[in-house]
Amino acid sequence: MRNLTVKSEIINLFGSDNIADVWIGLSDMITEGSWVWEDGSTEPTDNWAKGQPDNESDNEHCVQMRRHRKFNDVNCGKPVQFMCETDILM
């Protein structure tokens, strides 16, 4: 996601009690502790849940947005719904 405003809107849209946890395209798979969005941007993330990221068992490198709109690092193999960004074609 290229734009922080868009990211905020997505957090507000998908982070409701009616939506399950979702992958959001953020990970530190390349360098531990350096969070990078799928589009390559490295904008700061300040939306972590309390105590997160914690890299539990030294094996949590992908980020999901929880129902309470906060980020949590989890194992990348965990089955979770996801959202994708795309350009609108007219």
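Residues numbered from 1 in each chain as written. Predicted model: local features only at pLDDT ≥ 70, side-chain atom pairs only at ≥ 80, totals over all residues. Heavy atoms only, no water.

Let's shift gears to the side chain of asparagine 72. Residue position: asparagine 72 is located in strand β4 (residues 71-74). Accessibility expressed as a relative area gives 10% for asparagine 72, which makes it buried. Looking at asparagine 72, its side chain comes within polar contact range of the side chain of glutamine 52, at 3.3 Å. Residues within four places of asparagine 72 in sequence aside, it is in contact with Trp48, Gln52, Cys62, Val63, Gln64 and Arg66. (Helix = DSSP H or I, 4+ residues; strand = E, 2+ residues; numbered from the N terminus. Buried < 20%, exposed > 50% of the residue type's maximum accessible area, 1.4 Å probe, protein only. Polar contact = N/O pair within 3.5 Å; in protein donor to acceptor, adjacent residues only side chain to side chain. Contact = heavy atoms within 4.5 Å.)

Moving on, we get to the packing of aromatic side chains. All told, the structure shown has three aromatic pairs when counted by the stated rule. On the numbers, 6.4 Å between centres and 75° between planes, the contact of tryptophan 37 with phenylalanine 71 is edge-to-face. Pair noted here: tryptophan 37 is in strand β2 (residues 36-37) and phenylalanine 71 is in strand β4, with a separation of 34 residues, a long-range link. Looking at tryptophan 37, the relative accessible area reads 6%, which means it is buried. An aromatic cluster of at least three residues, connected via ring pairs, comprises Trp35, Trp37, Trp48 and Phe71. (Phe/Tyr/Trp six-rings, centres within 6.5 Å; stacked < 30°, edge-to-face > 60°.)

Inspection of the entire model under this criterion finds one disulfide. Between the sulfur atoms of cysteine 62 and its disulfide partner cysteine 76 the distance amounts to 2.1 Å. The disulfide joining cysteine 62 to cysteine 76 has a torsion of about 100° about its S-S bond and is therefore right-handed. With cysteine 62 in strand β3 (residues 62-65) and cysteine 76 in the loop between β4 and β5 (81-82), this pair connects stretches of sequence that are 14 residues apart. (Disulfide = S-S within 2.5 Å.)

Overall, the coordinates contain one salt bridge when judged by the stated rule. Between arginine 66 and aspartate 21 there is a salt bridge, with its nearest N and O atoms 2.9 Å apart. Of this pair, arginine 66 sits in the loop between β3 and β4 while aspartate 21 sits in the loop between α1 (4-14) and β1 (22-27), placing them 45 residues apart in sequence. (Salt bridge = Lys/Arg side-chain N within 4 Å of Asp/Glu carboxyl O.)

All right, on to the confidence of the model for the protein chain then. Scored by pLDDT, the protein chain comes out at a mean of 82, with 79% of its residues at no less than 70. Of all helices and strands in the protein chain, the one with the weakest mean pLDDT is α1 (63), whereas β4 scores best (94). (pLDDT = per-residue confidence, 0-100.)

This brings us to the nonpolar core. Among the nonpolar cores identified, the biggest contains ten residues, and these are Val22, Ile24, Leu26, Trp35, Trp37, Trp48, Val63, Met65, Phe71 and Met83. Every element with two or more residues in this core is listed here: β1 and β3. (Core = buried A, V, L, I, M, F, W, Y, C linked by side-chain atoms within 4.5 Å.)

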